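Here is how the chains run, residue by residue.
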Amino acid sequence: MTNPMIDVQDLRIAFGPKEVVKGVTLSVPAGESFGIVGESGSGKSTVLRALAGLNQHWTGEIRFEGAPVASKRPRAFFRKVQMVFQDPFGSLHPRQTIDRILSEFLSVNGLDDVDGRVNRALDAVALPQSVRFRFPHQLSGGQRQRVAIARALIAEPKVLLLDEPTSALDVSVQAEVLNLLGRLRKSHGLTYVMVSHNMSVVAHLCDRLGVMQHGEMVEQLSVTDLRARRATHPHTRELVELGQALASTA
Amino acid sequence: MLVDIENLRITFENNGKRFEAVSGVSFKLEARQKLAIVGESGSGKSITARALMRLLPAQAQVTADRMLFDGIDILSQSEREMRKLRGGRAGFILQDPKYSLNPVKTIGNQIAEAWLTHNKGSKKEARDAALNLLEQVMIRDPQLVLNAYPHEISGGMGQRAMIAMMLAPNPSLLIADEPTSALDASVQAEILRLIDELVDTRDMGLLLISHDLPLVSNFCDKVSVMYMGQIMEELAAKDLAQAAHPYTKGLLNCLPSLDEPRGDLPVLTRDPQWLEEQAQ
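Please read these numbers as outputs of a predicted model, since none were measured by experiment.

### A short note on the overall build of chain A
Across its full length, chain A holds ten helices and ten strands. Relative to the globule expectation of 18 Å for 250 residues, the C-alpha radius of gyration of chain A, 18 Å, shows essentially globular dimensions. Counting only C-alpha atoms, chain A reaches 50 × 50 × 40 Å along its principal axes. Considering chain A as a whole, with its 250 residues, one finds that 54% of them fall into the buried category. Counted over contacts in chain A with a minimum sequence separation of 6, partners at least 24 positions apart contribute 65%. For chain A, the exposed surface amounts to about 10,800 Å²; the carbon and sulfur share of it is 50%. Of note, chain A has its 29 positive side-chain charges centred 3 Å away from the centre of its 25 negative side-chain charges.

What follows is the structure, encoded as structure tokens:
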């Protein structure tokens with residue numbers, strides 16, 4: 001049997017005396033897209049940040065392709081796993097050109113063919129070459145999020161960790177970014193873990209999802225089961241009903 | 001008629017370049033009526049609401065054929081009179097309570113302060129009024145929240161406190177600019193229900209600014225859809241599903257669905273003609 005791309009066993013994270021992630025176990029096979037939903041404070045982003053290596057104080061076991069990772073990640077780890085953040089305003093350096101933002105990873109890792117890689121990354125996210133020498137403030141919100149995705153792709157990763165990648169965007173732009181993420185997963189053979197509070201977005205992009213409440217993953221189910229109303233945990237049902245009520249037109 | 005705006009135009013001038021952010025917006029709002037202005041970021045919905053309270057920076061040039069609030073001509077009021085209106089006859093709720101509450105004052109003191117600004121009475125009376133208002137916005141333990149600082153309470157609670165503050169002077173109009181966008185889905189529904197109920201029981205008018213078409217359609221009577229500074233169409237909230245304008249349809253159609261899988265989401269194609277049609 002091949003190893004799952006991501007395997008998490010009994011992940012626990014505490015901030016001071018307060019435990020905010022209380023033993024989360026999940027497994028994501030290669031090429032799958034896994035969603036984590038929950039209300040604010042449920043610990044969903046904290047799980048993602050631990051996977052990304054942004055929080056080093058956790059216990060339990062995290063494995064990527066069968067190999068356990070240490071708290072502090074080696075540089076090679078980031079060639080395999082990249083993250084995209086919620087707010088494209090906050091995650092791009094305001095005084096660096098797009099070219100500089102995209103090529104930083106290449107120079108840090110001593111990779112060659114900078115021109116080709118930057119151009120291919122821009123192509124992949126359907127941005128024109130002309131944005132290469134612009135600054136983030138000269139781009140629209142959707143273009144900025146594309147740059148953030150391009151920056152993640154330039155590492156040629158196997159896993160993309162997505163933290164609310166469309167919540168700061170208008171719905172029309174959200175549609176473009178969701179289409180892009182869906183396409184990239186197929187063309188680049190990527191594995192996604194996406195955190196979102198929006199059930200419809202998760203249902204659209206993911207195959208399976210986990211529902212978090214008070215630091216625990218209370219249920220894991222397939223999107224097919226979710227759509228067919230086969231969720232068993234009351235909190236999942238509650239979230240589905242809410243998502244439905246808020247999305248329905250009068 | 002609570003609000004009557006005819007041909008509102010807001011222009012910004014920067015380095016000699018003029019930019020018209022709102023071009024000829026008109027709408028009317030009656031007491032007990034709920035109107036939503038919906039649009040994407042940059043459509044001019046927030047500055048339309050701010051213009052009504054004259055809260056725009058000095059470089060914004062605001063003109064209108066008519067801009068009346070409860071019969072008062074907003075454009076000709078003195079700043080002193082405007083201060084009485086703002087937070088007095090008209091309350092303004094903003095998106096994120098984290099930024100609109102004073103972090104170094106207790107909730108109780110902030111509400112009491114709002115009450116004292118627009119009512120005459122002792123500090124004791126103001127405090128009692130604050131407690132009473134917190135009860136009205138359905139806070140379970142008002143005594144506790146009264147003495148709490150903003151960082152000690154949740155976002156939903158903070159938004160309730162903001163609403164309590166705005167209710168203090170008994171306004172006839174409530175303007176809510178994305179009041180629930182920073183909140184969880186469950187809290188969103190609660191806050192909207194609360195606003196809905198307060199508007200009904202207090203005979204207020206509600207002007208709700210939002211980017212979320214389906215959400216507002218559940219809570220408002222009328223919806224105005226704004227795009228690039230113009231109103232594309234105004235329709236009854238219950239008719240939203242039968243919207244005629246391609247922009248409104250496009251916005252509704254590009255949402256992912258919880259019920260059924262959708263392949264690629266349709267992407268909105270913006271027609272420059274939308275803006276010309278309105279101009280004539």
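From this point on, the discussion continues.
### A look at the environment of L35 of chain B
All names here are of chain B. For L35, the position within the fold is in strand 3 (residues 34-39). Accessibility expressed as a relative area gives 0% for L35, which makes it buried. For the pair L35 and A241, spaced 206 residues apart in sequence, the C-alpha separation works out to 17 Å. Apart from the residues lying within four places of it in its own chain, the contact partners of L35 are F27, K28, L29, L206, L207, L208, C220, K222, V223 and S224.

### Structural notes on the environment of V28 of chain A
Residue and element names in this part refer to chain A. Mapped onto the fold, V28 is located in strand 2 (residues 18-28). On the accessibility criterion, V28 (0% relative accessible area) is buried. Separated by 18 residues in sequence, V28 and D10 have C-alpha atoms that sit 15 Å apart. Discounting chain neighbours no more than four positions away, the residues touching V28 are P4, M5, I6, F34, T191, Y192, V193 and R208.

### A look at the sheet that holds strand 2 of chain A
Residue and element names in this part refer to chain A. An order of 2-1-4-5 is seen for the four strands of this open sheet, with the pairing classed as antiparallel. Each of the sheet's edge strands pairs with one partner strand only, and the pair in question is strand 2 and strand 5 (67-68). Each of strand 1 (6-15), strand 2 and strand 4 (58-64) is contacted by helix 1 (residues 44-52), which is oriented at about 115 degrees to strand 1, the strand it contacts most.

### Quick word on the side chain of H235 of chain A
Residues and elements named next belong to chain A. Mapped onto the elements of the fold, H235 is located in helix 10 (residues 234-247). Of the polar contacts made by the side chain of H235, one reaches the side chain of Q213; its length is 3.3 Å. Excluding anything up to four places from it in sequence, H235 contacts E39, V211, M212 and Q213.

### As for the packing of helix 4 (residues 107-118) of chain B against helix 5 (residues 123-136) of chain B
All names here are of chain B. In the contact formed by helix 4 and helix 5, the axes pass within 8 Å of each other and the chain directions differ by 110 degrees. Overall, the two elements helix 4 and helix 5 adopt an arrangement that is roughly perpendicular. The crossing of helix 4 and helix 5 is right-handed. Taking contact as the criterion, the partners of I107, G108, N109, I111, A112, W115 and L116 in helix 4 are, on helix 5, E125, A126, R127, A129, A130, L133 and L134. When its residues are assigned to classes, the contact of helix 4 with helix 5 shows ten nonpolar, two polar and two charged.

### Examining the side chain of S200 of chain A
Turning to its location among the elements, S200 of chain A is positioned in helix 8 (residues 199-205). In contact with S200 of chain A, other than residues within four places in its own chain, are P256, S257 and L258 of chain B.

### Structural notes on the pairing of strand 1 (residues 3-14) of chain B
Residues and elements named next belong to chain B. In terms of strand pairing, strand 1 meets strand 2 (residues 17-29) through ten bridges, oriented antiparallel. Paired with T11 across the two strands is E20, which belongs to strand 2. When strand 1 meets strand 4 (residues 60-63), the two strands line up antiparallel, connected through four bridges. The residue of strand 4 that forms the bridge with R9 is T63.

### With respect to the UniProt feature "domain: ABC transporter" (unreviewed entry) in chain B
The UniProt record marks residues 3-253 of chain B with the feature "domain: ABC transporter" (unreviewed entry), using the residue numbering of this structure. Segment residues 3-253 of chain B splits into 37% helix and 27% strand. End C-alpha atoms: 32 Å apart.

### Things to note about the sheet that holds strand 3 of chain B
All names here are of chain B. Read across the open sheet, the six strands follow the order 7-8-9-3-10-11; overall the sheet is mixed. If you trace the sheet from one side to the other, it starts and ends with strand 7 (90-93) and strand 11 (230-236), each paired once. Each adjacent strand pair in this sheet contributes to an overall mean axis angle of 15 degrees, direction not counted. As paired elements, strand 3 and strand 10 (residues 222-227) share five bridges and run parallel to each other. Within the sheet, the bridge partner assigned to L35 lies in strand 10 and is K222.

Rules and cut-offs
Residues numbered from 1 in each chain as written. Chains lettered and ligands numbered in written order. Predicted model: local features only at pLDDT ≥ 70, side-chain atom pairs only at ≥ 80, totals over all residues. Heavy atoms only, no water. Helix = DSSP H or I, 4+ residues; strand = E, 2+ residues; numbered from the N terminus. Rg over C-alpha atoms; globule rule 2.2 N^0.38 Å. Buried < 20%, exposed > 50% of the residue type's maximum accessible area, 1.4 Å probe, protein only. Contact = heavy atoms within 4.5 Å. Areas by Shrake-Rupley, 256 points an atom, 1.4 Å probe, with all protein chains shown as cover. Lys, Arg positive; Asp, Glu negative; His and termini not counted. Charge placed at Lys NZ, Arg CZ, Asp CG, Glu CD. Pairing = 2+ DSSP bridges. Axes fitted to C-alpha atoms, helices over the stretch in contact; angles between N-to-C directions. Polar contact = N/O pair within 3.5 Å; in protein donor to acceptor, adjacent residues only side chain to side chain. Parallel < 35°, antiparallel > 145°, perpendicular 65-115°, else oblique. Left-handed = near helix turned anticlockwise from the far one by under 90°. Nonpolar A, V, L, I, M, F, W, Y, C, P; charged D, E, K, R; others polar. UniProt positions renumbered as here; feature names shortened; annotations may be inferred.

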